[in-house]
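Each chain is listed here by its residues.
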Amino acid sequence: MTRTLIAELRGKVGERVTIRGWVHALRDQKRMQFLVIRDESGLAQVILPKEDPPNELNEAVSTLTAESAVTIVGTVVADERVKLGGLEVRLEELHVDSLADPELPIAPDSALDKRIDWRFLDLRRPDRRLIFEVQTTAEHAMREYWRGEKFIELHTPKFMGSASESGAELFKVEYFETQAYLAQSPQFYKQMAIAAGFGRVFEVGPVFRANPSFTSRHDTEFTSVDVEIGWIDSHEDVMAFEEAWLAHVLARVKETHGEAIEATFDTEVVVPSLPFPRVTLEGAKDMLREAGHAAPGPEDDLDPPSERALSAIVKQEHGHEFAFVTDYPTTVRPFYHMRHPDRPNLTRSFDLLWKGIELTTGAQREHRYQQLLAQAEDKRVDVGPIQYYLNFFRFGAPPHGGFGFGLTRLLMQLLGQDNVREVTFLYRGPHRLEP
RNA sequence: GGGGGCGUAGCUCAGCAGGUUAGAGCGCUGCCCUGUCACGGCAGAGGUCGCGGGUUCGAGUCCCGUCGCUCCCGCCA
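Since the structure is predicted, the reported quantities are computational estimates derived from the model, not experimental observations. In this convention, every chain numbers its residues from 1, walking through the sequence in written order. To label them, take the chains in the order written and letter them from A, then take the ligands in the order written and number them from 1. Thresholds applied to this predicted model are a pLDDT of at least 70 for local features of residues and 80 or more for the giving and counting of side-chain atom pairs; totals over whole chains, interfaces and linings are not thresholded and use all residues. Each side-chain value is derived from all of the structure's non-hydrogen atoms; neither hydrogens nor water enter the calculation.

1. Let's talk about the packing of helix α4 (residues 126-148) against helix α6 (residues 235-265)
Heads up, the condition is: Every angle, taken between N-to-C directions, lies between 0 and 180 degrees, and every axis is a line fitted to C-alpha atoms, over only the stretch in contact when it is a helix. Strands are runs of DSSP state E lasting at least two residues, helices are runs of H or I lasting at least four, and both sets are numbered from the N terminus onward. Oblique is the label for any angle not under 35 degrees, not over 145, and not in the 65 to 115 range, which are roughly parallel, roughly antiparallel and roughly perpendicular in turn. Handedness of each helix crossing follows the sense of rotation of the near helix against the far helix: counterclockwise by less than a right angle gives left-handed, clockwise gives right-handed. Lys, Arg, Asp and Glu make up the charged group, whereas Ala, Val, Leu, Ile, Met, Phe, Trp, Tyr, Cys and Pro make up the nonpolar group; the residues left over, Gly among them, are polar.
Taken N-terminus to C-terminus, the directions of α4 and α6 make an angle of 155°; their axes are 9 Å apart at the nearest point. Relative to α6, the element α4 is oriented roughly antiparallel. The handedness of the crossing between α4 and α6 comes out as right-handed. Residue classes in the contact of α4 with α6 are distributed as 16 nonpolar, five polar and four charged.

2. Looking at the nonpolar core
Nonpolar side chains in soluble globular proteins tend to end up buried together. As a reminder, the rule being used: Here, nonpolar core means buried Ala, Val, Leu, Ile, Met, Phe, Trp, Tyr and Cys residues that are tied together by side-chain atoms lying within 4.5 Å of each other. When accessible area is computed with a 1.4 Å probe and restricted to protein chains, residues below 20% of their type maximum are described as buried, those above 50% as exposed, and intermediate ones as partly exposed.
In this structure, Met142, Trp146, Trp245, Leu414 and Leu415 are the most contacted members of the largest nonpolar core, which totals 45 residues. The dominant element in this core, judged by the number of residues it contributes, is α6, at ten residues.

3. Some thoughts on the pattern of salt bridges
To keep it simple, the criterion reads: When a carboxyl oxygen of Asp or Glu is within 4 Å of a side-chain nitrogen of Lys or Arg, the pair counts as a salt bridge.
Throughout the structure, instances matching the rule amount to 35 salt bridges. Here Lys50 and Asp28 are joined by a salt bridge, their closest N and O atoms 2.8 Å apart. Highlighted residues: Lys50 in the loop between β3 (42-49) and α1 (56-62) and Asp28 in strand β1 (residues 16-28), separated in sequence by 22 residues. Between Asp79 and Arg81 there is a salt bridge; the shortest N-O distance is 2.9 Å. Judged by its relative accessible area of 71%, Arg81 is exposed.

4. Focus on the sheet that holds strand β13 (residues 322-326)
Across a sheet, strands are paired by hydrogen bonds formed along the backbone, either parallel or antiparallel in direction. To keep it simple, the criterion reads: Strands pair, by our definition, only if DSSP identifies at least two bridges between them. Contacts: residue pairs with any heavy atoms within 4.5 Å of one another.
Read from one edge to the other, the open sheet built from eight strands follows the order β6-β10-β11-β16-β15-β14-β13-β12, with strand pairing classed as mixed. Bordering the open sheet on either side are β6 (152-153) and β12 (278-280), each of which pairs with just one other strand. In this structure, strand β14 (residues 349-354) lies alongside strand β15 (residues 357-365), joined through six bridges in antiparallel fashion. Across the sheet, the residue bridging to Asp351 is Thr361, located in β15. Taken strand by strand, helix α8 (residues 304-318) contacts β12, β13, β14 and β15, and its axis lies near 75° from that of β14.

5. Quick look at the domain arrangement of chain A
Short version of the rule: Bear in mind that the domain bounds are from an automatic or database domain assignment.
Per the domain assignment, the segments making up chain A are domain 1 (6-98) and domain 2 (119-423). Taking only C-alpha atoms into account, the centre of domain 1 sits 48 Å from that of domain 2.

6. Things to note about α8
Every α-helix carries 3.6 residues per turn, so stepping three or four residues along brings you back to the same face. As a reminder, the rule being used: Multiplying one less than the number of residues by 1.5 Å gives the expected span of a helix.
For α8, spanning 15 residues, the distance from its first C-alpha to its last is 21 Å, which sits close to the expected 21 Å at 1.5 Å a residue. Taken together, the buried positions of α8 are occupied by Ser306, Glu307, Ala309, Leu310, Ser311, Ile313 and Val314. At its buried positions, α8 is contacted by β12, α7 (281-290), β13, β14 and β15. Of the residues flanking the end of α8, it is Gly319, one or two places downstream, whose phi is positive at about 60°.

7. Examining the layout of surface pockets
Which entries qualify depends on this criterion: Residues are called lining when one of their atoms sits within 4 Å of a cavity or pocket point, these points coming from a 1 Å grid over the protein atoms alone, where a cavity is a set in which a 1.4 Å probe fits but cannot get out and a pocket is an open set with protein on both sides within 12 Å along at least five of seven lines. Grid points are joined across faces, edges and corners, and a volume is the space filled by probe spheres set on the points.
In this model, the second largest pocket occupies a volume close to 320 Å³. Lining the second largest pocket are 15 residues; nearest its centre among them are Asp39, Glu40, Arg124, Pro126 and Arg129. For the lining of the second largest pocket, the secondary-structure elements that each account for two or more residues are β2 (32-39), β3 and α4. Counted by class, the lining of the second largest pocket contains six nonpolar, two polar and seven charged residues. Shared between two domains, the lining of the second largest pocket holds at least three residues of each, these being domain 1 (6-98) and domain 2 (119-423).

Here it is as structure tokens:
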């Protein structure tokens, strides 16, 4: 017998069906037994009149516990009394696939850390499932757009012999007789693809950062979305791509899940208008000062409170949730970011802020070998271990640039969540290696 | 790495300025209930108050240490 999903019951009134799922609730009364079954498509009420004395099926229902996995055979009937869609299933057969222990270790309002201990139970809740439905839709929309623009998908190695210079700390792993590192970023390899003539590339894959960061937006392993585009004129081309691509992704998510997201997470998905507001870092600091926000310290960057404040100002002045901040000084950017020809202390780089958090870092890359060498020396980067990378630029490299971001940060903002752990299937942090 | 907060029943929490047998709601167990739908009613079980030490006649409560969790900063995406 084939399985019927609960969402399909409406079209099966009068038919005998098999539904398979979890015991969501059990109301075992004197004359009637009510069972609410949940599967990935919804909830359904199952009923069984209780005989006196109870028959074998009555007894079987009585022994059920919440969250047990069961297979139900019964006839679908329409009944206006039923609040759950005006439908119910008259129970005819019950198979207990797996009886759950009676006391569950977590409740919907349990602390996040405890819910992660029991993530498989936590994820049974429909609103948690929605997170991953949205992730799937978003990723699909990204690929849809990339393919329309002739991008090639990469799968770069995660074992590396040296750092890919992103400032983040590396995980060391034993590698036969030597030592390897887990990739912090596919940065060098996506640039290699450009040097290889692929034109435009993307990768969605894991990256590893050995930062002991205890915040709501960091983890030690996360899914990075990376893009690199060849034959550009400046970082402006990269930003122009990113904003159009993101607008497409958000439009797709809104049309597919907009109502569910609003109902479940009380967050509206806003499809952004183009172009996104742009401001230089210097301009951003002026805006912050004018708004009375304490000017960021001597560092050549924005701290998280300043990023939040800047987003709020842009939202108020332009009605826009996104903001590109451009032209970061060389002091806070890696050696491979291209510098402005007329202002060599500034890079052709950008961050993309969304609702107060840093979503993306991007830049035009330096593709001229001698210039790249000079910048590495200027930043005191030991080029010995990365000669293979520098070689990409010795035999004809196109001007190019790109960006990368953490998938869960996108999802977190999209769903109005306050922690990446909520939207990560299985979180990995400094003290979290299980489950 | 720096700073703040928290750790009491399976879960979420309350325990005021230290004072006999540590509480609530939910969950769990049992009984009752002609259709419930967050069902309802009655009864019951369940806690070495994270751990170690100290102060005190007396510590869940105060002090020190330690472990764990959490948030912010640093770092980043």
